[in-house]
Amino acid sequence: MMPKSMSLALVAATLLAGCATSQTAGPRGTTDVAAIDVRRAPASAQALNDIAATYLRLTLEIGTHEAGYIDAYYGPPELKAAAEAAPRDKAALLAATRELTARLATAARRLSDPVDRRRAAFLRAQLRAAETRLMMMQGTRFAFADEAERLFGVRPQLKPLADYDRHLAAVEALVPGDGALAERVEAYLDRFTIPKDRLQKVFDVAIARCRGRSLAHIPMPDGESFRLEFVTGKSWSGYNYYQGAYHSLIQVNTDLPIRLSRALDLGCHEGYPGHHLLNMKLEEKLVKERGWTEFSVYPLYSPQSLIAEGTANYGIDLAFPEASKAETERDVLMPLAEIAVPADDRYWQLLKAIEALGGARLTIAQQYLDGVIDRPTAVAFTQKYLLVSQKRAEQSVSFTDQYRSYVINYGLGEAMVRAHVERGRPSRDEMWRRMAKLVSEPTLPSDLLTK
């Protein structure tokens, strides 16, 4: 039997009163304070509830010191308002983070339920990331690999840039001609740019296709929805702002022309089975059903992000395996975008060849952030190895300036999720079942390595 779950409203009331809660709510999924019976919750589980409540307030306070630190919050608004009204300074928050980590270590030794132990492991990893980010806010700098490991729970093993030269040769064969390879690739791919007046229609259909394929395998809460906006002035190409209550705001950046390949990619990544679906399942399964209040806040710089970006990127291939993505683009999206359908498969062969160069982005980021190369060199390497224009390269390096080692979560996260989901050559139904578990449980990067 699971202990009775603690409601977010109760957490807010007790924390605002200045004390750690020792109460739990009624039956799972309810917030009936009148039904509270603290005697029904084991002491070890209650200790975790108290630690989770403290972690929630701590995270909200940290968020007041760095814009963007809180990626999503859908708990009681009065709790966030209280944290913003009287946040502790960074030094006090760092001390509180370390104190809470020690409390968690003591409580974890008394846990016997495997589910509770997974919950404790998740909180431990989140607190280590919070400690690291607070140190960075106060001027501490870590080497790229150390920073990534402390924040996101995995140490990247990066290849030298020279290892990607053979992949450049493969691209060269597909786009022969004079001039720089990146310029030839850009010129070819520009033929597949979605006209601005067709963006809304193309993305609406693309996201609907992503949703339909995901819904066939993963149940979704009633009333779930999203709103799509096109924006400018961002360092990223797309973003999901989860609002709670199974609703998201999905934004697509139009600073640079959007090519057709991005429609299904962003539809899956930001929507289904990506960020929107993951956040919905965490809210449904962990916050509402179990009362695990720590999942009502998502700090961006934490192991949650490797799982989020990894599942979102892998979700593209899961939803559109083998030739189905190309078929959907050729038969549905290109006509809708009024793009001439190519007579052969060179376009899709080129996109596949470019994918093999994705790891170069991590190596460039590592060299740039560790001071091995300067910014102009990072831009030049990005043009060469990611085969993009100078404007797209500048945007990529600007993302690294803003988010630093966060870049590992895309390629490395995808590779780890893929290896976990596809281990043992499972059926497609089993692959979807594994994906559903990843986005509905307190999953850590280390869990992906467990056979």
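Residues numbered from 1 in each chain as written. Predicted model: local features only at pLDDT ≥ 70, side-chain atom pairs only at ≥ 80, totals over all residues. Heavy atoms only, no water.

## Details of the overall build of the protein chain
Secondary structure assignment for the protein chain yields 19 helices and five strands. Across its three principal axes, the protein chain shows a C-alpha extent of roughly 75 × 45 × 45 Å. Burial analysis of the protein chain (451 residues in total) assigns 56% to the buried set. For the protein chain, long-range pairs separated by at least 24 residues make up 71% of all intrachain contacts whose partners lie at least 6 apart in sequence. Summed over all atoms, the accessible surface of the protein chain reaches about 19100 Å², with 52% contributed by carbon and sulfur. The protein chain carries 57 positive and 55 negative side-chain charges, and their two centres are separated by 4 Å. (Helix = DSSP H or I, 4+ residues; strand = E, 2+ residues; numbered from the N terminus. Buried < 20%, exposed > 50% of the residue type's maximum accessible area, 1.4 Å probe, protein only. Contact = heavy atoms within 4.5 Å. Areas by Shrake-Rupley, 256 points an atom, 1.4 Å probe, with all protein chains shown as cover. Lys, Arg positive; Asp, Glu negative; His and termini not counted. Charge placed at Lys NZ, Arg CZ, Asp CG, Glu CD.)

## Some details on the packing of helix α18 (residues 408–421) against helix α19 (residues 428–438)
Between α18 and α19, the least distance of the axes is 9 Å, while the angle of their chain directions is 125 degrees. Here α18 is positioned oblique relative to α19, judged by the angle of their axes. Note on packing geometry: the crossing formed by α18 with α19 is right-handed. Facing V417, H420 and V421 of α18, the residues of α19 in contact are M431, R434, M435 and L438. (Axes fitted to C-alpha atoms, helices over the stretch in contact; angles between N-to-C directions. Parallel < 35°, antiparallel > 145°, perpendicular 65-115°, else oblique. Left-handed = near helix turned anticlockwise from the far one by under 90°.)

## Concerning the packing of aromatic side chains
In this structure the tally under the stated criterion is 17 aromatic pairs. Residues F152 and Y406 carry aromatic rings whose centres are separated by 5.6 Å and whose planes lie at 90 degrees to one another, so their mutual orientation is edge-to-face. Here F152, found in helix α6 (residues 144–152), pairs with Y406, found in the loop between α17 (390–403) and α18; they are 254 residues apart in sequence, far enough to count as distant. Using a relative accessible area of 0% as the deciding quantity, one classes F152 as buried. Look at Y403 and Y406: their rings are 6.0 Å apart centre to centre, the planes differ by 50 degrees, and that puts the pair in the tilted class. With respect to class, Y403 is no different from Y406; both count as buried. Over the ring of Y301 we find R133; its NZ or CZ atom is 3.5 Å from the centre of that ring. (Phe/Tyr/Trp six-rings, centres within 6.5 Å; stacked < 30°, edge-to-face > 60°. Lys NZ or Arg CZ within 6 Å of the ring centre and 35° of its normal.)

## Observations regarding the nonpolar core
By size, the foremost hydrophobic cluster in this structure holds 138 residues, and its most contacted members are V171, V185, I194, Y347, L350 and L387. At 10 residues, helix α5 (residues 114–137) tops the list of elements feeding residues into this core. Apart from residues lying up to four places away in sequence, Y347 is in contact with Y188, L189, F192, L260, S261, E329, M334 and P342. (Core = buried A, V, L, I, M, F, W, Y, C linked by side-chain atoms within 4.5 Å.)

## Structural notes on the pattern of salt bridges
On inspection of all chains with the given rule, the structure shows 35 salt bridges. A salt bridge links K325 to D265, with the shortest nitrogen-to-oxygen separation between them at 3.3 Å. With K325 in helix α13 (residues 324–337) and D265 in helix α10 (residues 261–271), this residue pair connects regions lying 60 residues apart in the sequence. Across the pair, D265 and K325 agree in class, each one buried. Salt-bridge contacts for R418 lead to D317; the nearest nitrogen and oxygen are separated by 2.8 Å. Taken together, the residues span a long stretch of sequence, with R418 in helix α18 and D317 in helix α12 (residues 303–319) at a distance of 101 residues. (Salt bridge = Lys/Arg side-chain N within 4 Å of Asp/Glu carboxyl O.)

## Overview of helix α9 (residues 199–215)
Between its first and last C-alpha atoms α9 spans 24 Å; for 17 residues at 1.5 Å apiece the expected length is 24 Å, and the two agree. Buried residues in α9 make contact with β2 (225–231), β4 (247–253), α10, α11 (275–288), α13 and α19. (Expected span 1.5 Å × (residues − 1).)

## Describing the sheet that holds β4
In space, the three strands of this open sheet follow the order β2-β4-β3, with mixed pairing throughout. This sheet does not close on itself; its edge strands, each paired only once, are β2 and β3 (238–244). Across the sheet, the axes of successive neighbouring strands diverge by a mean angle of 20 degrees, strand direction being ignored. Contacting β3 and β4, α10 crosses the sheet at an angle of about 30 degrees to β3. (Pairing = 2+ DSSP bridges.)

## Details of unusual backbone geometry
The residue after Y272, namely P273, is reached through a cis peptide bond having omega 5 degrees. Considering the arrangement of structural elements, one finds P273 in the loop between α10 and α11. Phi is positive for E338, which is not a glycine, with a value near 60 degrees. Judged by its relative accessible area of 59%, E338 is exposed.

## Examining the confidence of the model for the protein chain
In this model, the protein chain carries a mean pLDDT of 91, and residues with pLDDT of at least 70 account for 90%. A low-confidence stretch, residues 1–40 stays under pLDDT 50, and its non-local contacts, those more than four residues away or across chains, total 82 contacts. (pLDDT = per-residue confidence, 0-100.)

## Here's the deal with the side chain of R392
Following the sequence through the fold, R392 ends up in helix α17. The exposure class assigned to R392 is buried, which follows from its relative accessible area of 19%. One polar contact links the side chain of R392 to the main-chain carbonyl oxygen of P257, over a distance of 2.9 Å. In this structure, R392 is in contact with E186, L256, P257 and R259, ignoring residues within four places of it in sequence. (Polar contact = N/O pair within 3.5 Å; in protein donor to acceptor, adjacent residues only side chain to side chain.)

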